[in-house]
Amino acid sequence: MVDCFKNLAIILISAKLMGLLAKKCKAPQVVGQILAGLIIGQAVLGLVAADSFIKTLAEIGVVILMFSAGLETNLRDLLKTGPVALCVALAGVLVPLGGGFLMYNIYCSINPDAAMGGNVFNQALFIGTIMTATSVSITVQALRELGHLKSRIGTTIVSAAIIDDVIGIIVLTVVIGIEGGKDDSGFAITGQPIADVFIKTGLFIAFSFGVGFLMYFLFKFLDKKFYHQRRIPIFGLVLCFLMAYCAETFFGIADITGAYVAGIILCNLRDAEYIAGKMDISSYMLFGPVFFASIGLKVDGKAVASMGILIVVYAVIFGGFYMIFMRPQKKEQKRVQAMINEMEVGDTVLTTGGFYGVLIDISDEDVIVEFGSNKNCRIPMKKSAIAEVEKAEESK
């Protein structure tokens, strides 16, 4: 039992150090925390194993994370972005499903020995279904660290990811039904499991609205009576765990979806930010790092044929990480810096606020911009507030 304290210490320190390294590379800390788990796990160093204790803490961590995301959601934006989120979710399922199905068929046609036996069509469907899987929790944490979780775009992405999970369950049920739900002729597909998924999803939505309506007014009363007291976050956490349990146990919906709905129910309370703040403390200190590190811990290095292949895989990961996150940012930073260095008095500029003006003075860090034709509006501002520059000779 005492080994759990050693494992927690290793996970927390490695997750923090790798998180800081990722932050230095202008990437979300969650990326570093996942890599930390991969390094200290069985795939590389073998210092920590993903035992039942770690898995339990990780599950609590992801539930609290999704509860916090729901608390920070703008309900009006959520309602406005609903149709867009549905379209994004559908594309997020259909594109990888079709792509995985097509690529597996092409691969098997080129290399017939690669087929795992049986019906290649069904195997391709399973491969495509696997490709539809997403990680809502990683998306939420990345958006939060980048400062976009509360934005309309962030709300759309999170909503689409939640819907994507539900659609993914339906797709998986259909695919399993194709393989296992045939009659004696081998062609008919039983509709009962698929119907069950639709029925349970509909019941969960109805349950969420009913319970949400009652819980909102109950918490509104409690919030008024015990405003800014610690019992409110405790009651909120109880609701989070109960909704997570009900979603998974009675409706077959992921527990994180239930937790997110619990956050949505409470997001319009006066104390919503206070509750979220209390959740963030435990999530940041313990549960969050354990959850993200546990993702890396689950990678089994023994499944890789040789260490050479493992090194190639890691090289591809780091290479993709550099190409996706670091290289574009460095190129953009160089472009902006070059533009600022070449600014001269008389150039026309566009500020980040969307205003056009003319440079009349430049210092080391600041500029003075003249707005309007009457030449009476002159405003000093930081160079970083300049978005575009048009040279004086080009504007003539």
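Calculation notes
Residues numbered from 1 in each chain as written. Predicted model: local features only at pLDDT ≥ 70, side-chain atom pairs only at ≥ 80, totals over all residues. Heavy atoms only, no water. Helix = DSSP H or I, 4+ residues; strand = E, 2+ residues; numbered from the N terminus. Buried < 20%, exposed > 50% of the residue type's maximum accessible area, 1.4 Å probe, protein only. Areas by Shrake-Rupley, 256 points an atom, 1.4 Å probe, with all protein chains shown as cover. 1 Å grid on protein atoms, 1.4 Å probe; cavity = no way out; pocket = protein on both sides within 12 Å on 5 of 7 lines; lining within 4 Å. Points joined across faces, edges and corners; volume = space filled by probe spheres on them. Nonpolar A, V, L, I, M, F, W, Y, C, P; charged D, E, K, R; others polar. Pairing = 2+ DSSP bridges. Axes fitted to C-alpha atoms, helices over the stretch in contact; angles between N-to-C directions. pLDDT = per-residue confidence, 0-100. Contact = heavy atoms within 4.5 Å. Parallel < 35°, antiparallel > 145°, perpendicular 65-115°, else oblique. Left-handed = near helix turned anticlockwise from the far one by under 90°. Phe/Tyr/Trp six-rings, centres within 6.5 Å; stacked < 30°, edge-to-face > 60°. Core = buried A, V, L, I, M, F, W, Y, C linked by side-chain atoms within 4.5 Å. Lys, Arg positive; Asp, Glu negative; His and termini not counted. Salt bridge = Lys/Arg side-chain N within 4 Å of Asp/Glu carboxyl O. Polar contact = N/O pair within 3.5 Å; in protein donor to acceptor, adjacent residues only side chain to side chain.

A.B. asks: Can you walk me through the overall build of the protein chain in this structure?
C.D. replies: Assigned secondary structure in the protein chain consists of 14 helices and 5 strands. Evaluated residue by residue, the protein chain yields a buried proportion of 40% over its 396 residues. Summed over its atoms, the accessible surface of the protein chain is roughly 22,200 Å², and 67% of this surface lies on carbon and sulfur atoms.

A.B. asks: Sorry, what's going on with the layout of surface pockets here?
C.D. replies: Think of a ball as big as a water molecule: rolled over the atoms, this probe shows where empty space is left. By volume, the largest pocket amounts to about 970 Å³. Around the largest pocket, the lining comprises 27 residues; the ones closest to its centre are Leu78, Ser208, Phe209, Val261 and Ile264. Counting only elements with at least two residues in the lining of the largest pocket, the list comes to α4 (75-80), α5 (82-110), α8 (152-180), α9 (192-225) and α11 (255-266). By residue number, the principal contributor to the lining of the largest pocket is α9, which donates 8 residues. Of the residues assigned to the lining of the largest pocket, the class counts are 19 nonpolar, 8 polar and no charged.

A.B. asks: Explanation requested: the sheet that holds strand β1 (residues 348-351) in the structure shown.
C.D. replies: For sheets, the rule is that strands pair by backbone hydrogen bonds, running either parallel or antiparallel. The sheet built from 5 strands is open, its strands ordered β4-β3-β2-β1-β5 with antiparallel pairing. The open sheet has two free edges, formed respectively by β4 (377-382) and β5 (386-390), since each of these has just one partner strand. For this sheet the average axis-to-axis angle between neighbouring strands, irrespective of direction, equals 40 degrees. Bridge count for β1 against β5 is 4 bridges, and the pairing is antiparallel. From the neighbouring strand, valine 349 faces β5, where its bridge partner is valine 389.

A.B. asks: I'm lost on the confidence of the model for the protein chain in this one. Help?
C.D. replies: One rule of thumb: low pLDDT means the predicted coordinates there are not for detailed reading. Residues of the protein chain with pLDDT of at least 70 account for 85%, and the chain-wide mean is 80. Here residues 181-192 is modelled with pLDDT under 50, and outside its nearest four sequence neighbours on either side it reaches 11 contacts, counting other chains as well.

A.B. asks: What is the right way to look at the packing of helix α3 (residues 52-71) against helix α10 (residues 231-251) in this model?
C.D. replies: Each packed pair of helices is defined by two parameters, the angle between the axes and the distance between the axes. It is the contact of α3 with α10, at a shortest axis distance of 10 Å, that shows an interaxial angle of 115 degrees. As far as their axial angle goes, α10 and α3 are roughly perpendicular. Two packed elements cross with a definite hand, and for α3 against α10 that hand is right-handed. Taken together, the residues of α10 that come into contact with α3 (itself represented by Ile60, Val63, Ile64 and Phe67) are Gly236, Leu237, Cys240, Phe241 and Ala244. Taken together, the residues that form the contact of α3 with α10 break down as 8 nonpolar, 1 polar and no charged.

A.B. asks: How do you make sense of the packing of aromatic side chains when you look at a structure like this?
C.D. replies: Any aromatic ring pair is given by two values, namely how distant the centres are and how the planes are angled relative to each other. The full count for this structure, using the stated rule, is 7 aromatic pairs. A ring pair is formed by phenylalanine 207 and phenylalanine 251, whose centres lie 5.3 Å apart and whose planes are at 40 degrees; its orientation type is tilted. You can see phenylalanine 207 sitting in helix α9 and its partner phenylalanine 251 sitting in helix α10, a full 44 residues away along the chain. Overall, phenylalanine 251 belongs to the buried group, its relative accessible area being 13%. Both rings, one in phenylalanine 355 and one in phenylalanine 371, keep their centres 6.5 Å apart while their planes meet at 80 degrees; by these two values the pair is edge-to-face. Pair noted here: phenylalanine 355 is in the loop between β1 and β2 (356-362) and phenylalanine 371 is in strand β3 (residues 366-371), with a separation of 16 residues, a long-range link. Residue phenylalanine 355 is classed as exposed on the basis of its relative accessible area of 54%.

A.B. asks: Looking at this model, I keep getting lost on the nonpolar core. Mind explaining?
C.D. replies: Among soluble globular proteins, nonpolar side chains are generally buried collectively. Grouped together as the largest cluster of nonpolar side chains are 60 residues, with contacts concentrated most on Ile11, Met66, Phe67, Val140, Tyr260, Leu266 and Ile275. When residues of this core are assigned to their parent elements, the largest contribution, 11 residues, is made by α3. Ignoring anything within four residues of it in the chain, the contact list for isoleucine 11 reads Ile40, Val48, Ile54, Pro289, Val290, Ala293 and Leu297. Met339, Val349, Leu359 and Phe371 belong to the second-largest nonpolar core, a separate cluster that totals 11 residues.

A.B. asks: Help me out: how do you make sense of the side chain of aspartate 223 in this one?
C.D. replies: Relative to the assigned elements, aspartate 223 resides in helix α9. No salt bridge is formed by the buried aspartate 223; the nearest opposite charge belongs to arginine 270, separated by 4.1 Å. A distance of 3.2 Å separates a polar side-chain atom of aspartate 223 from the backbone nitrogen of aspartate 271. Apart from residues lying up to four places away in sequence, aspartate 223 is in contact with Ile232, Leu269, Arg270 and Asp271.

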